[in-house]
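Per-entry structural report
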Amino acid sequence: MDAMTRVKDAVIAGARGLYLAIVSLVGSIVLFVFSVVSLAFLLLGIGFLTTPAVLMGVRKYADAHRARAAEWSGVQIPSPYRPFPAGTRSGLTGQVERCSLMLKDPATWRDLQWLLVNMTAGFILAILPPALPLYMLYGWVLALGVWKPIHEAGGGEWFAWIHVTSQSTANQAAALGVGFFLLGVVVNTSLVRSHFLLARTFLAPTPAMRERQLAQRVDRLTETRHDAVDNSAAELRRIERDLHDGAQARLVAMGMDLGTIEALIETDPARAKQLLAKARQDSGEALTELRDLVRGIHPPVLAERGLGDAVKALALRLPVPTEVDVELAGRVEAPVESAAYFAVSESLTNAIKHAGAERIWVDVHHADGMLRIAVTDNGKGGAALGAGSGLSGIERRLGTFDGVLAVSSPAGGPTMVTMEIPCALS
């Protein structure tokens with residue numbers, strides 16, 4: 001690394017350190033005070049309403065710090081928070097439930113500890129990168145003559161350990177400032193990284209928390225695998241029933257008609273001709289039913305052209321205007337692609353049948369190893385995850401691939417269903 005690159009990195013680290021110092025001091029103090037006051041208000045009952053909002057603010061603040069740690073210093077800080085269980089209620093009861101869940105989460109208390117550390121040791125580590133180069137500027141300002149009025153007004157100025165009372169000591173201050181700048185060139189990026197490493201000590205999950213998360217993930221995957229097996233068995237029974245009651249029955253009837261035609265073709269040609277027309281109609285209907293059945297199992301457009309075009313084709317068949325935005329640089333694995341397609345299909349069906357939507361937006365993109373899909377409608381809202389709902393079926397379908405589903409649907413709308421599935425593009 002050449003000298004200019006080192007200086008550039010040091011200056012950038014100094015600017016970032018200044019930002020971190022301000023945010024660490026102001027943000028941490030404000031959020032810590034709000035948190036303590038809100039927790040104290042639990043005794044009065046008011047805290048059950050304020051604490052979830054304050055603690056969510058702390059989590060967003062911590063998540064923003066995690067994102068900056070990864071972007072600025074390459075320090076990865078996983079999120080340790082326990083997810084809220086599906087079906088968490090709304091209203092006052094839901095607020096009390098969320099408050100209880102957050103207070104039982106060890107990550108909440110580690111966040112509060114981090115706020116204390118961030119406003120003290122974290123602030124010191126963050127303020128040093130901008131202070132080192134700025135101190136050089138101050139030293140040169142003193143050496144250029146500013147030391148004289150300061151000395152005349154109040155007996156001199158201290159620059160680090162140098163008492164500036166003359167041009168000679170001012171020159172020494174300028175030289176020392178250059179030394180501070182050179183030191184900053186060497187250590188500034190390390191200081192910013194140390195700030196984030198200190199944060200990781202409190203914001204990352206502990207081994208016990210990781211074990212718990214792993215156990216919860218194993219339990220969830222086990223549950224979703226059982227659901228997948230049950231759904232596959234139910235799907236096979238549906239296909240068998242549809243074949244038996246639909247195409248198979250028509251083919252049997254067509255075979256019987258052909259036998260009758262064979263007996264009548266010489267004795268009653270007119271009747272045979274009618275039966276031939278009926279057999280041709282039955283064959284066409286049987287073919288249509290087979291095509292519909294195959295489309296329900298795995299749509300040909302999905303296999304041939306991928307998820308993006310399949311969703312666009314699905315949107316064209318809907319009775320309401322639907323905008324589809326797709327950003328995929330490749331294709332995902334076929335099982336994930338199929339699960340995502342049918343999850344979108346069911347979400348669109350819910351928007352039309354239950355939400356009374358007049359317009360729908362679908363966004364499909366891939367980033368950071370995640371396939372993210374958002375289905376938004378302007379319907380009446382009120383959708384919620386729960387036993388027996390179509391959304392629960394979507395959640396189970398995605399859970400088979402370690403995917404997650406989030407629903408935002410206030411009364412009166414709009415409704416946004418967001419799906420995330422970890423996968424890679426090919």
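Predicted model, so just to flag it, every value in this text is computed and none were measured. (Residues numbered from 1 in each chain as written. Predicted model: local features only at pLDDT ≥ 70, side-chain atom pairs only at ≥ 80, totals over all residues. Heavy atoms only, no water.)

Here the focus is the UniProt feature "transmembrane region" (unreviewed entry) in the protein. Per the UniProt record, "transmembrane region" (unreviewed entry) is annotated on residues 12-34, 40-58, 114-138 and 173-192. The span residues 12-34 is 100% helical and 0% strand by assignment, and the distance between its end C-alpha atoms comes to 32 Å. (UniProt positions renumbered as here; feature names shortened; annotations may be inferred. Helix = DSSP H or I, 4+ residues; strand = E, 2+ residues; numbered from the N terminus.)

Turning our attention to the pairing of strand S3 (residues 322-327). Of the strand pairs in this sheet, S3 and strand S4 (residues 360-367) are connected by six bridges, and their pairing is parallel. Note on S4: the bridge partner recorded for glutamate 323 is tryptophan 361. For the handedness criterion, the β-α-β arrangement of S3, helix H11 (residues 334-353) and S4 is classed as left-handed. (Pairing = 2+ DSSP bridges. Right-handed = clockwise from strand over helix to strand, strands pointing away.)

Within the largest apolar cluster, 31 residues are counted, with the highest numbers of intra-cluster contacts made by Leu307, Ile373 and Met419. Contributing elements (two or more residues each) for this core: helix H10 (307-316), H11, S4, strand S5 (370-377), helix H12 (390-399) and strand S7 (415-422). Aside from chain neighbours lying at most four places away, what touches leucine 307 is Leu302, Leu328, Glu337, Ala340, Tyr341, Val364, Leu371 and Ile373. Ranked by size, the runner-up nonpolar core spans 23 residues in total, among them Leu31, Ile77, Ala107 and Trp114. (Core = buried A, V, L, I, M, F, W, Y, C linked by side-chain atoms within 4.5 Å. Buried < 20%, exposed > 50% of the residue type's maximum accessible area, 1.4 Å probe, protein only. Contact = heavy atoms within 4.5 Å.)

Further remarks concern the environment of serine 100. Tracing the chain through its elements places serine 100 in helix H3 (residues 91-104). For serine 100, a relative accessible area of 28% translates into the label partly exposed. Sequence spacing of serine 100 and threonine 51 is 49 residues, and the spatial spacing of their C-alpha atoms is 9.7 Å.

What follows deals with the sheet that holds S3. Read across the sheet, five strands follow the order S3-S4-S5-S7-S6 without closing on themselves; strand pairing throughout is mixed. Unpaired on one side and paired on the other, S3 and strand S6 (404-408) mark the two borders of the sheet. Sheet twist, expressed as the average angle between the axes of neighbouring strands with direction ignored, equals 10°. The strands touched by H10 within the sheet are S3, S4 and S5, with S3 carrying the most contacts at an inclination of about 175°. Strand contacts of H11: S4, S5 and S7, with the helix running at about 10° to S5, the strand carrying the most contacts. (Axes fitted to C-alpha atoms, helices over the stretch in contact; angles between N-to-C directions.)

Before going further, it helps to examine the pattern of salt bridges. All told, the structure shown has six salt bridges when counted by the stated rule. The closest approach of N and O atoms between arginine 66 and aspartate 63, which form a salt bridge, is 2.6 Å. Here aspartate 63 and arginine 66 lie together in helix H2 (residues 47-73), a separation of three residues that amounts to about one turn. Its relative accessible area of 35% is what places aspartate 63 among the partly exposed residues. The salt bridge involving arginine 305 is made with aspartate 309; its shortest N-O contact spans 3.2 Å. Among the residues examined, aspartate 309 registers a relative accessible area of 24% and is labelled partly exposed. (Salt bridge = Lys/Arg side-chain N within 4 Å of Asp/Glu carboxyl O.)

Buried within H10 we find Leu307, Gly308, Ala310, Val311, Leu314 and Ala315. For H10, the arc enclosing every buried residue in end-on projection is 165°, short of the 170-degree limit, so these residues lie on one face. (Arc of directions from axis to C-beta.)

This part covers the packing of aromatic side chains. What the rule picks out here adds up to four aromatic pairs. Aromatic side chains tyrosine 19 and tryptophan 72 sit 5.9 Å apart centroid to centroid with 70° between the ring planes, which places their arrangement in the edge-to-face category. You can see tyrosine 19 sitting in helix H1 (residues 3-40) and its partner tryptophan 72 sitting in helix H2, a full 53 residues away along the chain. Tyrosine 19 gets classed as partly exposed once you look at its relative accessible area, which sits at 39%. With 5.2 Å between their ring centres and 85° between their planes, tyrosine 341 and phenylalanine 342 make a pair best called edge-to-face. The residues tyrosine 341 and phenylalanine 342 share a single accessibility class, namely buried. (Phe/Tyr/Trp six-rings, centres within 6.5 Å; stacked < 30°, edge-to-face > 60°.)

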